[in-house]
Amino acid sequence: MFQIRLQVFSYLRRKEGHAVDIALLGNGTVAKGLISHLQSQKNKGCELFSIRHILLKPDESLPDPVFTSSIDTILNDKDVSIVVEAMGGRHPAFEYLKAAILSKKHVVTSNKELVSFHGAELARLAQENQVAFFFSAAVGGGIPLLAYLRDTAQQETILEITGILNGTTNFILDAMTRRNLDFKDALYQAQKLGYAEADPTNDVEGFDLLYKLRIASCVAFGQWIDKESIARLPLHTIAAGDIEFFRKRDMTIRYLVNTLRNDNGFVATIQPTAVSSNGISAQIQRNNNLFLCRSDRSGEQILVGQGAGALPTAGNIHRDLQRISKGERMMINGAEPTLSADNGKLALRYYIRLSPFAAEMFPMEKVTETFETDLGVVLITHPVSVTWMFDRIDELRVIDARIFVCAIQTVKEGE
Ligand SMILES: NC(=O)c1ccc[n+]([C@@H]2O[C@H](COP(=O)([O-])OP(=O)(O)OC[C@H]3O[C@@H](n4cnc5c(N)ncnc54)[C@H](OP(=O)(O)O)[C@@H]3O)[C@@H](O)[C@H]2O)c1
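Description of the structure in this document. (Residues numbered from 1 in each chain as written. Predicted model: local features only at pLDDT ≥ 70, side-chain atom pairs only at ≥ 80, totals over all residues. Heavy atoms only, no water.)

## What about the site of the ligand?
Among the 19 residues in the neighbourhood of the ligand, the closest are listed as Thr29, Val30, Lys57, Ser110 and Gly309. A distance of 2.8 Å separates an oxygen atom of the ligand from a polar atom in the backbone of Val30. For the ligand, an oxygen atom lies 3.1 Å from a polar atom in the side chain of Lys112. Out of a free accessible area of 890 Å², the ligand has 69% covered by protein chains. (Near = heavy atom within 4 Å. Polar contact = N/O pair within 3.5 Å; in protein donor to acceptor, adjacent residues only side chain to side chain. Areas by Shrake-Rupley, 256 points an atom, 1.4 Å probe, with all protein chains shown as cover.)

See the structure below:
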């Protein structure tokens with residue numbers, strides 16, 4: 001096995017006249033997917049990109065000359081045209097990509113956290129240094145949704161983007177809905193299958209979705225949405241009884257992101273949401289993703305597919321490499337302003353499951369129905385302002401840390 005790996009790397013490393021030399025930072029899931037993807041292109045006789053260096057951590061052994069533990073080897077190698085970052089995390093990924101740009105190398109990344117925090121600066125630097133900065137795989141894994149948004153935004157006004165953009169939590173919700181698992185068992189299965197990390201916080205508390213929402217909104221609307229202004233509800237306090245409550249009402253819970261352009265600017269939410277069991281979101285099974293874009297001329301366009309995984313993600317990275325070799329340079333230009341989402345004028349109905357003591361603190365004039373369940377009290381609200389609701393949730397969470405809150409979709413999908 002080890003020998004085969006060495007042969008593959010040596011094969012990829014061999015320099016062909018026409019292939020563009022790239023360096024890969026990291027050698028994990030995504031990086032290995034890209035290595036395999038480029039190998040399959042080569043097998044088809046169309047090798048356009050050749051891996052010249054693979055950066056490993058300083059303390060790792062280097063079994064083949066293609067590996068290096070020195071970022072300077074990559075930065076100083078004039079033959080390397082493109083640096084592909086697949087290490088994850090903000091640091092040192094940011095410093096490495098910044099240095100690559102200053103060394104006049106094009107950069108591609110699949111790192112949503114990095115782009116969400118430092119995308120504006122990297123885009124500005126790339127523009128100043130006349131090199132490319134692409135990050136298609138950072139949102140949607142293998143689904144070409146950022147490229148779709150970029151192309152659409154050049155011709156039309158995008159009005160709304162929404163969808164299921166986290167495969168791990170969709171796997172969990174689907175397992176709870178169709179296989180009656182409780183949250184803990186569904187999460188455990190997701191971890192065993194490699195869909196969820198050992199520490200699932202980023203997925204189940206919506207931070208992964210926060211990064212994705214910001215990036216997709218920036219590409220679609222040309223503006224960064226301030227992360228503090230995005231209304232984000234976590235998923236991890238959900239219980240089997242919550243799923244059951246909605247099942248009896250022909251509804252299914254999905255973890256949805258939504259950004260909507262309106263007269264005041266933008267609405268931006270990340271919330272568990274009860275949707276009709278007959279609607280398209282409820283049909284998205286296992287770890288698949290759904291992405292919906294509504295624009296003024298094309299109307300609704302929907303993309304469905306694998307939002308993660310080594311090979312689908314490598315496909316999106318490869319398309320970025322191809323864009324660079326065709327002379328394309330940017331997905332955003334680095335001059336996008338940051339503005340706050342205004343969720344005050346969006347009114348939604350909510351399901352709130354909480355302890356009897358906490359329920360007493362909730363203003364009953366906002367409640368249409370109350371239920372006593374095995375898990376506690378369930379309150380269903382009238383349509384209330386999202387901002388108002390989030391202020392109440394902050395207060396209630398101090399009293400009941402296990403509170404579960406979920407928006408209720410009233411407009412049927414497709415209407
Ligand atoms: N996996 C997916 O399906 C997917 C899809 C879309 C986007 N992404 C994004 O792509 C990025 C990579 O994800 P992944 O799943 O491939 O992660 P991964 O499997 O953990 O791979 C990352 C690799 O980079 C290495 N690394 C970390 N810091 C490094 C450093 N300073 N120098 C050299 N190597 C370093 C890690 O080594 P250690 O293991 O020793 O730390 C690991 O081998 C993340 O930003 C992720 O969000 C992933």
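## Notes on the packing of aromatic side chains
All chains considered together, the criterion is met by 10 aromatic pairs. Here Arg90 stacks its cationic end above the ring of Phe117, 3.6 Å away from the centre of that ring. A cation over an aromatic ring shows up here: Arg249 above the ring of Phe371, its NZ or CZ 5.0 Å from the ring centre. (Phe/Tyr/Trp six-rings, centres within 6.5 Å; stacked < 30°, edge-to-face > 60°. Lys NZ or Arg CZ within 6 Å of the ring centre and 35° of its normal.)

## So, the sheet that holds strand S5 (residues 106-109)
Pairing in this open sheet of six strands is parallel, and the strands run S3-S2-S1-S4-S5-S6 from one edge to the other. Here the strands that pair on one side only, and so sit at the sheet edges, are strand S3 (67-68) and strand S6 (133-134). Sheet topology places strand S4 (residues 82-85) next to S5; four bridges connect them, and they run parallel. Within S5, the residue paired with Ile82 across the bridge is His106. With respect to the sheet, helix H12 (residues 310-325) is in contact with strand S1 (20-25), strand S2 (49-55), S4, S5 and S6, its orientation differing from that of S5 by roughly 160°. (Pairing = 2+ DSSP bridges. Helix = DSSP H or I, 4+ residues; strand = E, 2+ residues; numbered from the N terminus. Contact = heavy atoms within 4.5 Å. Axes fitted to C-alpha atoms, helices over the stretch in contact; angles between N-to-C directions.)

## Let's talk about the packing of helix H7 (residues 167-178) against helix H8 (residues 183-192)
Contact geometry of H7 with H8 gives a least axis separation of 9 Å together with a crossing angle of 130°. On the basis of the axis angle, H7 is oblique to H8. When you trace H7 past H8, the crossing you get is right-handed. Between H7 and H8, the residues in contact are Thr168, Phe171, Ile172, Ala175 and Met176 and Phe183, Ala186, Leu187, Gln189 and Ala190, respectively. (Parallel < 35°, antiparallel > 145°, perpendicular 65-115°, else oblique. Left-handed = near helix turned anticlockwise from the far one by under 90°.)

## Regarding unusual backbone geometry
A cis amide bond links His91 with the next residue in sequence, Pro92, at an omega value of 10°. With respect to the element layout, Pro92 can be found in the loop between S4 and helix H4 (93-102). In this model, Asn180 sits at a positive phi of 55°, which is unusual for a non-glycine residue. Take Asn180: it is sitting in the loop between H7 and H8.

## With respect to the environment of Glu95
Mapped onto the elements of the fold, Glu95 is located in helix H4. In this structure the C-alpha to C-alpha distance between Glu95 and Leu122, which are 27 residues apart in sequence, comes to 9.9 Å. Reaching out from Glu95, the side chain makes a polar contact with the side chain of His91 at a distance of 2.9 Å.

## Side note on the packing of H7 against helix H11 (residues 240-247)
Relative orientation of the contacting elements H7 and H11 amounts to 65°, with a least axis distance of 10 Å. When the interaxial angle is binned, H7 and H11 end up roughly perpendicular. As H7 runs across H11, the sense of the crossing is right-handed. On H11, the residues touching Leu173, Met176 and Thr177 of H7 are Ala240, Ile243 and Arg247. Residues that form the contact of H7 with H11 fall into these classes: four nonpolar, one polar and one charged. (Nonpolar A, V, L, I, M, F, W, Y, C, P; charged D, E, K, R; others polar.)

## Considering the pattern of salt bridges
Within the structure shown, the criterion is met by 15 salt bridges. When the shortest N-O distance is used, the salt bridge between Arg52 and Asp77 registers 2.5 Å. You can see Arg52 sitting in strand S2 and its partner Asp77 sitting in the loop between helix H3 (71-75) and S4, a full 25 residues away along the chain. Exposure remark for Arg52: the relative accessible area of 24% places this residue in the partly exposed category. Exposure remark for Asp77: the relative accessible area of 12% places this residue in the buried category. Here Asp208 and Lys112 are joined by a salt bridge, their closest N and O atoms 3.2 Å apart. Here Lys112 lies in helix H5 (residues 112-128) and Asp208 lies in helix H10 (residues 207-221), a separation of 96 residues in the sequence. Residue classification places Asp208 among the buried residues on the basis of a relative accessible area of 7%. (Salt bridge = Lys/Arg side-chain N within 4 Å of Asp/Glu carboxyl O. Buried < 20%, exposed > 50% of the residue type's maximum accessible area, 1.4 Å probe, protein only.)

## Describing the nonpolar core
Phe135, Leu146 and Leu149 are the most contacted members of the largest nonpolar core, which has 105 residues in total. Among the elements that line this core, the one with the most residues is H10, at nine residues. Look past the residues within four positions of Leu149 in its chain and what remains in contact with it is Ile158, Ile161, Ala216, Val219, Ala220, Phe291 and Cys293. Leu260, Ala359, Met389 and Phe390 belong to the second-largest nonpolar core, a separate cluster that totals 24 residues. (Core = buried A, V, L, I, M, F, W, Y, C linked by side-chain atoms within 4.5 Å.)

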